[in-house]
Amino acid sequence: MPTRRDLLADAALAAAVGALLSPSFAAALNAPPLATRRAFFRIRAATDARTVFWYTQGVKYLLTTDDLAVVPLHQFGMISALRTDRGDMLDDAGATVLLRTLEGGMGLDLDTGALAKDFVNPLTGEREPIATSAARPLAYAFDGQGRHGFGADDPRRAASSISGTLHARSMIGPAGAHGAAVEEIFAITAKTAAGETRTLRELNTYITDADDDGGSSAPAVRKRMVVLRNWTGGGNRPALSVSTYEGRKFATLDEALAAAGPERVAAAQPEFVRQARGF
């Protein structure tokens, strides 16, 4: 009988392959209209200046590329605050709209979900740290085509757990034939101090059950997948890191904390809680 970890591994591989082969993944590469940018901000955050909150949680897996073995490693949680700046310019093709964010990550035990700072890699038998970063405010600028990015000299690169020379680009596009879902593709290419090139790719899908009734913020559920190539966690075997997440948007910080576990957040990211109160 398959174990819980076997089922998790099968689900991770299916999610990774399904998302990368989905027609909506290719559709999101096309330059979206202004309506898509507005839908993105409405679903992801709000078109006005209110602050909204998200909590997402998922599992990080190791995918060996020689035999496609999928191994669950640990859980990970992310709580975030988001606010739109210059939302009144969303319908101006020549204007840049800012998405301001504050995020706090938590390493979690694979089986219990309790806070964890490290995990045992089952392929190497070694204990490895779970990478998290301190909460800090960032601002992402989206142009009229829904693109944003930053280069090696942008201080936002320091927010990444990948050190070294870093370049990034992003684009949003419609996920399907209606405005109830949007996708965001985010790619980072990093060259480490050791000269190794790594690529991190994210495909974020944001979905709402609410029709576009003209409201400034829609209730939304986010599904997120992250692929980090050329990861060394497989020992001598070539491997990828595949992470799958699911999350939900909340109107208040207290609602997001209740979903994340207020004690866990207070212990792992006390600075996030302090800054989020006035974000």
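Up top is the structure these notes are about.
Basis of the calculations
- Residues numbered from 1 in each chain as written.
- Predicted model: local features only at pLDDT ≥ 70, side-chain atom pairs only at ≥ 80, totals over all residues.
- Heavy atoms only, no water.
- Core = buried A, V, L, I, M, F, W, Y, C linked by side-chain atoms within 4.5 Å.
- Buried < 20%, exposed > 50% of the residue type's maximum accessible area, 1.4 Å probe, protein only.
- Helix = DSSP H or I, 4+ residues; strand = E, 2+ residues; numbered from the N terminus.
- Contact = heavy atoms within 4.5 Å.
- Pairing = 2+ DSSP bridges.
- Phe/Tyr/Trp six-rings, centres within 6.5 Å; stacked < 30°, edge-to-face > 60°.
- Lys NZ or Arg CZ within 6 Å of the ring centre and 35° of its normal.

Peer 1: Would you mind showing me how to read the nonpolar core here?
Peer 2: If you look at soluble globular proteins, the nonpolar side chains tend to sit buried side by side. Membership of the largest hydrophobic core comes to 18 residues, with the highest contact counts inside it found for Y55, I79, L102, V265 and F272. Looking at this core, the elements that each hand over two or more residues are β1 (51–64), β2 (70–85), β3 (97–108), α4 (253–260) and α6 (270–276). Residue contributions to this core peak at four residues, all from α4. Leaving out residues up to four positions away in the same chain, V265 has contacts with I79, M106, L257, A260, P270, F272 and V273.

Peer 1: Would you take a moment to explain the pairing of β3 for this structure?
Peer 2: Look at any regular strand and the pattern is simple: side chains alternate between the two faces of the sheet. By the criterion of burial, β3 is predominantly enclosed, with 10 of the 12 residues buried. With six bridges connecting them, β3 and strand β6 (residues 137–142) associate as antiparallel partners. Among the inter-strand pairings, R100 is bridged to a residue of β6, identified as A139.

Peer 1: So what exactly am I meant to see when it comes to the packing of aromatic side chains here?
Peer 2: The geometry of an aromatic ring pair is captured by the separation of the ring centres together with the interplanar angle, meaning the angle of the planes. With the rule as written, the count across this model stands at five aromatic pairs. Where F40 meets F41, the ring centres are 5.6 Å apart and the plane angle is 85°; that geometry is what we call edge-to-face. Here F40 and F41 have matching classes, each one buried. Centroid distance F40 to F142: 5.1 Å. Interplanar angle 45°. Geometry classified as tilted. Remark: F142 occurs in strand β6 and F40 occurs in helix α3 (residues 34–44); sequence separation between them is 102 residues. Judged on exposure class, the residue F40 and its partner F142 are both buried. Grouping aromatic residues by their ring pairs yields a cluster made of F40, F41, W54, F142 and Y206. Over the aromatic face of F279 sits the side chain of R83, whose NZ or CZ is 5.2 Å from the ring centroid. A cation over a ring is seen here: R222 above W54, with NZ or CZ 5.3 Å from the ring centre.

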